Amino acid sequence: MSQDKRHLIAKRISEELEEGQVVNLGIGIPTLVTQYLGDQEIYLQSENGLLGIGPPPEEENLDIDLINAGKEPVTYLKGSSFFSSADSFALIRGGHVDVAILGVLQVDVHGEIANWAVPNQPILGVGGAMDLVTGAKKVIIAATLFNKNGEPKLVQNLTYKTSGIRRVDLFVSDYAVFEFTEDGVKVVEIIEDITIEVLSEKLGFELDYLSAVPMA
Amino acid sequence: MKKVIEASEVRNLVKSGDKLLVGGFGLSGSPLTIIDELLETDISDLTVVSNNLGEDSLGLHKLFVQGKIKNIIGSFFTTNKPAVTAWQKGELEIDLIPQGTLAEAIRAGGAGIGGFYTKTAVGTELVAGKEEREIDGERYIFEKAIKGDVSLVRAAKADKLGNLIYHTTARNFNPMVATAGKVVIAEVDEIVEVGELDPEYIVTPHAYVDYIIESKYVKKGGKYVESR
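Computed from a predicted structure; not experimentally measured.

Participant: Kindly report on the overall build of chain B, identifying the contributing residues and their values.
Facilitator: In terms of regular secondary structure, chain B is built from five helices and 13 strands. A globule of 228 residues ought to have a C-alpha radius of gyration of about 17 Å, and chain B, at 18 Å, matches this closely. Taking the principal axes of its C-alpha atoms as reference, chain B extends roughly 50 × 45 × 35 Å. Relative to its full complement of 228 residues, chain B shows a buried share of 57%. Considering only contacts within chain B whose residues lie at least 6 apart along the sequence, 70% involve residues at least 24 apart. Across chain B, 27 positive and 33 negative side-chain charges occur, with their mean positions spaced 2 Å apart.

Shown next as structure tokens:
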């Protein structure tokens, strides 16, 4: 997977965020979104009890107690707060996090996702994945459309283990942006130079635009 | 009652078969000194409730490698290779719980609440067999509260009464863990006189805390190292 694609996805997602929002970023492509926030005030939340994550620390200011949910050292910004894991998940589950940006293994056409259990490996980790899928006001998926074996991540039925019954809102991929509505998945815009027909063929099912007039 | 004890006295507070509640997220906020003391005992068959199983050969990882843990309840063990191997061989029982459910279950345990309904994990493999109920048109599952025999807490400072304050994200599960054990032991960087902590900033009131020990670990060069 090229760096360009990952950054393309991250940059596109940054356009979805609004000034003043509380945002939780998953590991991987979601973390790259911070590079495209410009001077927008976005408040980043970490499951292990921090609202107001700052950039990684300089070597001399490293404090290994102070980490994000991926256990990487971070800093905290002015106006930030620390709280317990129970308070942190009350924030998440209670719908006080505006946007969760998550990676994914699969999304089905109804917007149900699988993002915790890696197939053919012992399933011994879930972390906060299910709480975030369930609780965030809006869930945006950040992922390439195809995995490293060339299999599509957008599928008609999940073959990996579900993360919960909640329908995510948006899937920003390297080919297109998808929105999940009551009528299923719709294409919002095409990012890669490709037609919706070719994209449908690659995925193995028929895709429609969200609106009659394509916004691409 | 005198709460400040020598670290080695911790060895007498835990017995075989106990259920331990242990604070920490990775090694941040993990009671490393207390765990080291338990290595010096012959206790076994422990059930441990903790988000992870230590890391980098420290903390709960040591206790596990010594064969003292038979069952671990938490949210993330994938990165602990020896634990994964032991689980595959049937030598370690693992109960996987979503992180927020774990935090809330311990909170409920300490607060005298029998359990709670949550939307998290509804429809997933992790709640197979659990009671489901519809509330205001949405699906919830019932999660039982978690209580323990002994709570191992890591905080930044304690006063001699046992009031605790924490340091940055090392707080994590510790305030809940401090409420939900029959015996609560806190490991701290610094023990101060009563009155030195500002009541406005105390997170864990002393009523929860039974014993206090001073940590032998300090942070140095991006690691937790033994200092004394």
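This is not the end of the story, as more comes after the structure.
Participant: Residue-level account of the pattern of salt bridges, with values.
Facilitator: Scanning the model with the defined rule gives 26 salt bridges over all chains in all. In this structure, Glu132 of chain B and Arg139 of chain B form a salt bridge, with 2.5 Å as the shortest nitrogen-oxygen distance. Taking relative accessible area as the criterion, Glu132 of chain B reaches 41% and is therefore assigned partly exposed. Between Glu187 of chain B and Arg154 of chain B there is a salt bridge; the shortest N-O distance is 3.8 Å. Of the two residues, Glu187 of chain B sits in strand β10 (residues 181-192) while Arg154 of chain B sits in strand β8 (residues 148-159), which places them 33 residues apart along the sequence. The exposure classification of Glu187 of chain B matches that of Arg154 of chain B, with both residues buried. Overlapping salt bridges, with partners in common, bring together Arg12, Glu15, Glu16, Lys138 and Glu189 of chain A in one network.

Participant: Could you give an account of the sheet that holds strand β6 (residues 132-135) of chain B, with specific residues and numbers?
Facilitator: Residue and element names in this part refer to chain B. Taken in spatial order, the three strands make up an open sheet running β5-β7-β6, and their pairing is antiparallel. The sheet is open, and its two borders are formed by β5 (115-118) and β6, each paired with just one other strand. Strand-to-strand, the axes of this sheet are offset by a mean angle of 35 degrees, without reference to chain direction. Sheet analysis places β5 next to strand β7 (residues 138-144), joined by four bridges and oriented antiparallel. For Phe116, the partnering residue across the bridge sits in β7 and is Glu143.

Participant: Report on the packing of helix α3 (residues 85-93) of chain A against helix α4 (residues 99-110) of chain B, specifying residues and quantitative values.
Facilitator: Direction vectors running N to C along α3 of chain A and α4 of chain B enclose 125 degrees, while the axes themselves pass 9 Å from each other. Compared by their axis directions, α3 of chain A and α4 of chain B come out oblique. Helix-helix and strand crossings are classified by hand; for α3 of chain A and α4 of chain B the assignment is left-handed. Between α3 of chain A, through Ser85, Ala86, Phe89 and Arg93 of chain A, and α4 of chain B, the contact on the second element is made entirely by Gln99, Gly100, Thr101, Ala103, Glu104 and Arg107 of chain B. Among the residues forming the contact of α3 of chain A with α4 of chain B, the class breakdown is three nonpolar, four polar and three charged.

Participant: Break down the interface of chain A and chain B for me, citing the residues and quoting the values.
Facilitator: Each partner contributes to the interface: chain A provides 36 residues, whereas chain B provides 46 residues. Together chain A and chain B conceal approximately 3400 Å² of surface at their shared face, both sides included; 64% is due to carbon and sulfur atoms. Taken together, the links from chain A to chain B amount to three salt bridges. When the shortest N-O distance is used, the salt bridge between Lys219 of chain B and Asp63 of chain A registers 2.9 Å. On inspection of chain A and its partner chain B, the count reaches 20 residue pairs in polar contact (both at pLDDT 80 or more). Broken down by secondary-structure element, the contributors of at least two residues to the side of chain A that touches chain B are α3 and α4 (129-135) of chain A. Per-element tally for the side of chain A that touches chain B: the top contributor is α3 of chain A, with four residues. Of the residues in the side of chain A that touches chain B, the class split is 17 nonpolar, 12 polar and seven charged.

Participant: Tell me about α4 of chain B, and please be specific about residues and values.
Facilitator: Residues and elements named next belong to chain B. Relative to the 16 Å expected for 12 residues at 1.5 Å per residue, α4 spans 17 Å between its end C-alpha atoms, a close match to the ideal helical length. Within α4, 10 of the 12 residues are buried, leaving the element largely enclosed by the surrounding structure. Along α4, the residues that are buried comprise Gln99, Gly100, Thr101, Leu102, Ala103, Glu104, Ala105, Ile106, Ala108 and Gly109. Just past α4, the residue Gly112 takes up positive phi, approximately 75 degrees.

Participant: I'd love a proper account of the pairing of strand β13 (residues 223-226) of chain B, names of residues and values included.
Facilitator: All names here are of chain B. The sheet contact formed by strand β12 (residues 217-220) and β13 spans four bridges and is antiparallel. For Lys219, the partnering residue across the bridge sits in β13 and is Tyr224. In textbook terms, the turn of a hairpin is the stretch between consecutive antiparallel strands, and for β12 and β13 this stretch comprises two residues, one of which, Gly221, has a positive phi near 55 degrees.

Participant: Let's hear about the sheet that holds strand β5 (residues 99-102) of chain A: which residues, and what values?
Facilitator: All names here are of chain A. Ordered by their spatial adjacency, nine strands build an open sheet running β4-β3-β2-β1-β5-β8-β10-β11-β12, and the pairing between neighbours is mixed. Since the sheet does not close on itself, it has two edges, and those belong to β4 (75-82) and β12 (184-190), each with one partner. Geometrically, the sheet is characterised by an average inter-axis angle of 25 degrees between neighbouring strands, direction not taken into account. When strand β3 (residues 50-54) meets β4, the two strands line up antiparallel, connected through four bridges. Along β4, the bridge assignment pairs Gly54 with Thr75.

Participant: An account of the packing of aromatic side chains is requested, with residue identities and associated values reported.
Facilitator: One pass over the full model with this rule turns up four aromatic pairs over all chains. Pairing Phe146 of chain A with Tyr175 of chain A gives two aromatic rings, centres 5.3 Å apart and planes at 80 degrees, and the pair type is edge-to-face. Of the two residues, Phe146 of chain A is situated in the loop between β8 (138-142) and β9 (154-155) and Tyr175 of chain A in the loop between β10 (170-172) and β11 (176-181); the sequence distance between them amounts to 29 residues. Comparing Phe146 of chain A with Tyr175 of chain A shows no difference in burial state: the two are buried. Here the guanidinium or amino end of Lys71 of chain A rests over the ring plane of Phe25 of chain B, the centre of that ring lying 5.2 Å away. Sitting over the ring of Tyr117 of chain B, Arg133 of chain B keeps its end group 5.3 Å from the ring centre.

Definitions and limits used
- Residues numbered from 1 in each chain as written.
- Chains lettered and ligands numbered in written order.
- Predicted model: local features only at pLDDT ≥ 70, side-chain atom pairs only at ≥ 80, totals over all residues.
- Heavy atoms only, no water.
- Helix = DSSP H or I, 4+ residues; strand = E, 2+ residues; numbered from the N terminus.
- Rg over C-alpha atoms; globule rule 2.2 N^0.38 Å.
- Buried < 20%, exposed > 50% of the residue type's maximum accessible area, 1.4 Å probe, protein only.
- Contact = heavy atoms within 4.5 Å.
- Lys, Arg positive; Asp, Glu negative; His and termini not counted.
- Charge placed at Lys NZ, Arg CZ, Asp CG, Glu CD.
- Salt bridge = Lys/Arg side-chain N within 4 Å of Asp/Glu carboxyl O.
- Pairing = 2+ DSSP bridges.
- Axes fitted to C-alpha atoms, helices over the stretch in contact; angles between N-to-C directions.
- Parallel < 35°, antiparallel > 145°, perpendicular 65-115°, else oblique.
- Left-handed = near helix turned anticlockwise from the far one by under 90°.
- Nonpolar A, V, L, I, M, F, W, Y, C, P; charged D, E, K, R; others polar.
- Buried area = accessible area lost by both parts, 1.4 Å probe.
- Polar contact = N/O pair within 3.5 Å; in protein donor to acceptor, adjacent residues only side chain to side chain.
- Expected span 1.5 Å × (residues − 1).
- Phe/Tyr/Trp six-rings, centres within 6.5 Å; stacked < 30°, edge-to-face > 60°.
- Lys NZ or Arg CZ within 6 Å of the ring centre and 35° of its normal.

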